[in-house]
Amino acid sequence: MPLDAEKEIEYLRNQILDHDYHYYTLAQPVISDEEYDLLMHRLFSLEQQHPDLLTPDSPSQRVGGRPLKEFSTVTHIIPMLSLANTYNEEDIRAFDRRIAETLGIGAYRYVCELKFDGVAVTLHYHRGILTLGATRGDGMQGDDISQNLKTIRSIPLRLHTQSSIPDFCEVRGEIFMKRSDFEHMNEERLLSGEKTFMNPRNSTAGTLKLQDPKLVAQRPLNFFAYYLRCPGIDLQSHSRCLAVLEEYGLPVNKQSKICTTIDEVIAYWKTWEQNRDTLPFDIDGIVVKLDALAQQEQLGSIAKSPRWAAAFKFSSRQAETILHEIHLQIGRLGTVTPVADLEPVFLGGTTVTHATLHNAEYIKKLDIRLTDHVIVEKGGDVIPKVSSVVLEKRQKGTQTFGFPDSCPECGAKLFRPEGEANYFCENSECPAQIMGRIQHFASRGAMDIEGLGEANVEQLVLCGLLKNSADIYDLKKNRDILLAQERWGQKSVQKLLDAVEKSRKQKFHRVLYALGIRHVGASIAQRIVKKFRTIQQLESACVDELKELEGIGPQIAESVVRFFADVHNRTIVRRLKSARLTMAENEKPKAASGSLSGKVFVLTGALTTMTRDEAKEHIESSGGKVSSLVSTKTDFVVVGADAGSKLKKARLLKIPLIDEKNFIKLITK
Ligand code: IVH
């Protein structure tokens, strides 16, 4: 028996499992990726030399399995029940009343947890070693997906031994995917021509069904444990189970809360309904569980769900309603967006009457017709969208939607460039475009004029005070007319004029962005002013000169040249110049000499002291570049809180990581 090898293997396994726990469960890595890889490499080679020493809990076995033909069926020791759903306060109070009546005492408490929108699984640990992982299936029998679950590094292959480990225990919990990981994965699938997944839950379910664990290992799956039973051991309460799960080294969500009254439960539900989008993963409600296990037993179960727990779901973000009409909205650049006028429907806390239909192509693809029953969805963003048609309910004799051929605001003929999904109104004098352009000019990321929000701009355009953005700087002359308008008084007018005055100091790149040139966003504007230091230089630039700039292709270059060739635009620029707006970049170019010159950064996770845009500005003003994808060309990855797949990729490619503190040091050097 190679005693030294055995000892070393044991040592390496303990080290690696411990580092997995620090990295995946606590998110506090202790060693570098290189050091981790060395440990893993050494373990692999020792196990290869001594195959007799291989054990199922070795970290080398995470992706050790071969592809399967089919999963074998497992019968659950205790059925995996589902939960009764409640949707409103009344039902949850009724649930509480039933509990009080059955127990006949007032002394009970609940544990509230988030209801993770993933896939439920069960894990078996014999003497602390993971021996089985299975799906819920029909509640009685599920699939043995042990090989797939072993690839998930936050699931310990061996329980931690700070406390005594039982002969057997069963852990249940949810496999899920973070939204950012899901989006990133879909982006990559799109690029490689693969089918994309609908949502994180679908992609989790699809991944767990894969029969090749090597493929599963590449997918960003996570786990939260929320159930523990150890035969022969009295765990007393659910809250104790959660604490023991944590001691065993299993990931347990930190947002659970002990509630002693049903009002507290309702408050927890309300808080999470409002804050669900701040979590990095999807939840569809909360779960309320009676804490004491003896009381749980007293209540028992009916059919498929326990009486001691309930899911308290959030109101749906999808609803069915009727499409009455489609009207067109014209953006500041003339882009035509079709909008659905709907039969009012209550959705996610508000009544929805309108939803976006994106563009003509979208209507055609989904074959959306007037009078159709449609599904409206509210995602993370505020604007609801029509996501599908309930074809079974379509009335007879309906016709495909004929997209209007003229602009509803100005009557100009609409134009759809070849290969584009959108129609455009090409009349730059279209009132809808004028309004949109001024709103953009005054907006936060552009000239940032407080007091000129969308509603006020609309009012001032309608009363004739503003016909274009240059008119903003004539407001002082027109003070009396402004004062005569509804809702404007001495104070608010003065405040607006002060804000207008202040905006003259905005930097040149902001002014350039505010002009609203098609395809020139905030960061392109910054790039342009690095080479074209004054508006005069830019006005006389040709397409080829503009194309020399990195990140500027023919489309942007042509758009800039076209903008300055337009007489109307030239007049506005001339007026803005005489209004003394900043029309030149004063600071010396930093790109060539900046401390970060030529370095490519990727930002991931949230920073606490600045926004992403600010971080980007810092990097770029020191000569660095910011990219959205981690690749071998990346020099540094700046890691904020809750970093997701980019961090993983960076580790994989061994790209240097910097935390926020060191990032600040770097940019202030
Ligand atoms: S407890 C008997 N806790 O909800 C109690 N379930 O309809 C069993 N789920 O299949 C489950 N988050 O997939 C529990 N914190 C949580 C949960 C949770 C999500 C899912 C789970 C289960 C379904 C019940």
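Residues numbered from 1 in each chain as written. Predicted model: local features only at pLDDT ≥ 70, side-chain atom pairs only at ≥ 80, totals over all residues. Heavy atoms only, no water.

Q: Even after reading the chapter, I still don't get the overall build of the chain, so can you show me in this structure?
A: Counting its regular elements, the chain contains 24 helices and 24 strands. Judged by the C-alpha coordinates and their principal axes, the chain covers about 85 × 60 × 50 Å. Per-residue burial over the chain gives 47% buried out of 669 residues. For the chain, the proportion of contacts with a sequence separation of at least 24, taken over those separated by at least 6, is 67%. Taken as a whole, the chain presents about 34,200 Å² of accessible surface, with 52% of it coming from carbon and sulfur. (Helix = DSSP H or I, 4+ residues; strand = E, 2+ residues; numbered from the N terminus. Buried < 20%, exposed > 50% of the residue type's maximum accessible area, 1.4 Å probe, protein only. Contact = heavy atoms within 4.5 Å. Areas by Shrake-Rupley, 256 points an atom, 1.4 Å probe, with all protein chains shown as cover.)

Q: Any chance you could explain the pattern of salt bridges here in plain terms?
A: Between side chains of opposite charge, a pair can form as their charged atoms come close. Counted by the stated rule, this structure contains 34 salt bridges. Between E113 and K289 there is a salt bridge, with the nearest N and O atoms lying 2.8 Å from each other. Here the residue E113 occupies a position in strand β3 (residues 110-116), and K289 occupies one in strand β10 (residues 283-290), the gap between them amounting to 176 residues. With a relative accessible area of 6%, E113 lands in the buried category. Among the salt bridges present, the one from E361 reaches R416, with a minimum N-O distance of 2.6 Å. Here E361, found in helix α11 (residues 360-366), pairs with R416, found in the loop between β19 (414-415) and β20 (423-425); they are 55 residues apart in sequence, far enough to count as distant. Taking the relative accessible area as the measure of exposure, E361 reaches 31% and is therefore partly exposed. Because the salt bridges share partners, they merge into one network encompassing E89, R93, D263 and K270. (Salt bridge = Lys/Arg side-chain N within 4 Å of Asp/Glu carboxyl O.)

Q: I would appreciate a short explanation of the site of the ligand in the present structure.
A: Close to the ligand lie 14 residues, the nearest being L83, E113, F116, E174 and K289. Within the backbone of L83, an N or O atom sits 3.0 Å from an oxygen atom of the ligand. Take E113: an N or O atom from its side chain is 2.8 Å from a nitrogen atom of the ligand. Here the ligand loses 88% of its free accessible area of 520 Å² to cover by the protein chains. Its residues assigned to classes, the shell around the ligand shows 8 nonpolar, 1 polar and 5 charged. (Near = heavy atom within 4 Å. Polar contact = N/O pair within 3.5 Å; in protein donor to acceptor, adjacent residues only side chain to side chain. Nonpolar A, V, L, I, M, F, W, Y, C, P; charged D, E, K, R; others polar.)

Q: What am I meant to see in the sheet that holds strand β21 (residues 600-604) here?
A: Backbone hydrogen bonds are what pair the strands of a sheet, in a parallel or an antiparallel way. One open sheet accounts for 4 strands, arranged β22-β21-β23-β24; its pairing is parallel. Of all strands in the sheet, those bounded by a partner on one side alone are β22 (625-627) and β24 (657-659). Across the sheet, the mean angle from the axis of one strand to that of its neighbour is 35°, orientation sign disregarded. This element, helix α22 (residues 612-621), spans β21 and β22 of the sheet and lies at about 165° to β21. Across the face of the sheet, helix α23 (residues 645-653) comes into contact with β21, β23 (636-639) and β24 while running at roughly 135° to β21. (Pairing = 2+ DSSP bridges. Axes fitted to C-alpha atoms, helices over the stretch in contact; angles between N-to-C directions.)

Q: Teacher, can you tell me more about the sheet that holds β3 here?
A: Spatially, β2-β13-β10-β3-β9 is the arrangement adopted by the 5 strands of the open sheet, whose pairing is mixed. Looking at which strands have only one partner, the edges of the open sheet turn out to be β2 (85-86) and β9 (257-259). The sheet contact formed by β3 and β9 spans 3 bridges and is antiparallel. If you follow V111 over to β9, its bridge partner there is I258. This element, helix α9 (residues 262-275), spans β3, β9, β10 and β13 (309-313) of the sheet and lies at about 20° to β3.

Q: Could you clarify how one ought to interpret the side chain of S58 in this entry?
A: Relative to the helices and strands, S58 resides in the loop between α2 (33-49) and β1 (73-75). A polar contact is formed between the side chain of S58 and the side chain of E47, at a distance of 2.5 Å. Every residue in contact with S58, bar those within four places of it in the chain, is listed here: R13, L43, E47 and L157.

Q: I'm lost on the packing of helix α5 (residues 179-191) against α23 in this one. Help?
A: For any two helices packed against each other, the geometry comes down to the angle between their axes and how far apart the axes lie. As a packed pair, α5 and α23 sit with axes 8 Å apart at the nearest point and diverge in direction by 65°. Contact with α5, carried on its side by S180, D181, H184 and E188, involves S645, K648 and K649 of α23 and no other residues of that element.

Q: Could you clarify how one ought to interpret the pairing of β23 in this entry?
A: Along any regular strand, the residues point their side chains to alternate faces of the sheet. As paired elements, β21 and β23 share 4 bridges and run parallel to each other. Paired with L603 across the bridge in β23 is V638. For the segment spanning β23, α23 and β24, crossover handedness is right-handed. (Right-handed = clockwise from strand over helix to strand, strands pointing away.)

Q: Could you clarify how one ought to interpret the side chain of T356 in this entry?
A: The topology assignment puts T356 in strand β16 (residues 350-356). Polar side-chain contacts of T356 include one of 3.0 Å to the backbone nitrogen of H358. Ignoring any residue separated from it by four or fewer positions in sequence, one finds T356 in contact with T337, P338, I383, P384, K385 and V386.

Q: Is there a simple way to think about the packing of helix α20 (residues 554-565) against helix α21 (residues 567-578) in this case?
A: Packing of α20 against α21 brings their axes to within 5 Å, and their N-to-C directions diverge by 80°. Relative to α21, the element α20 lies roughly perpendicular. Contact with α20, carried on its side by F563, F564 and A565, involves V567, N569, R570 and V573 of α21 and no other residues of that element. (Parallel < 35°, antiparallel > 145°, perpendicular 65-115°, else oblique.)

Q: Just checking my understanding: could you explain helix α3 (residues 89-103) for this structure?
A: Helical geometry: 3.6 residues make up each α-helical turn, so side chains three or four residues apart lie on a common side. Between its first and last C-alpha, α3 extends 21 Å over 15 residues, near the 21 Å set by a 1.5 Å rise per residue. Listed as buried for α3 are I92, F95, D96, I99 and L103. For α3, the arc enclosing every buried residue in end-on projection is 95°, short of the 170-degree limit, so these residues lie on one face. Across α3 from its buried face, at more than 90 degrees, point the exposed residues E90 and E101. Taken together, the buried residues of α3 touch β2, β3, α9, β10, α10 (293-299) and β13. One or two positions beyond α3, positive phi appears at G104, with a value near 70°. (Expected span 1.5 Å × (residues − 1). Arc of directions from axis to C-beta.)

Q: Would you mind showing me how to read the nonpolar core here?
A: For soluble globular proteins, the rule of thumb is that nonpolar side chains tend to be buried together. I449, I472, Y473 and I528 are the most contacted members of the largest nonpolar core, which has 55 residues in total. For this core, the elements supplying multiple residues, two or more each, are α12 (431-442), α13 (454-462), α15 (490-503), α16 (508-514), α17 (522-531), α18 (535-539), α20 and α21. Not counting chain neighbours up to four residues away, the residues in contact with I472 comprise I438, F441, I449, L452, L466 and V500. In terms of nonpolar packing, the next biggest core, distinct from the first, is built from 36 residues, L123, I155, L159 and V171 among them. (Core = buried A, V, L, I, M, F, W, Y, C linked by side-chain atoms within 4.5 Å.)

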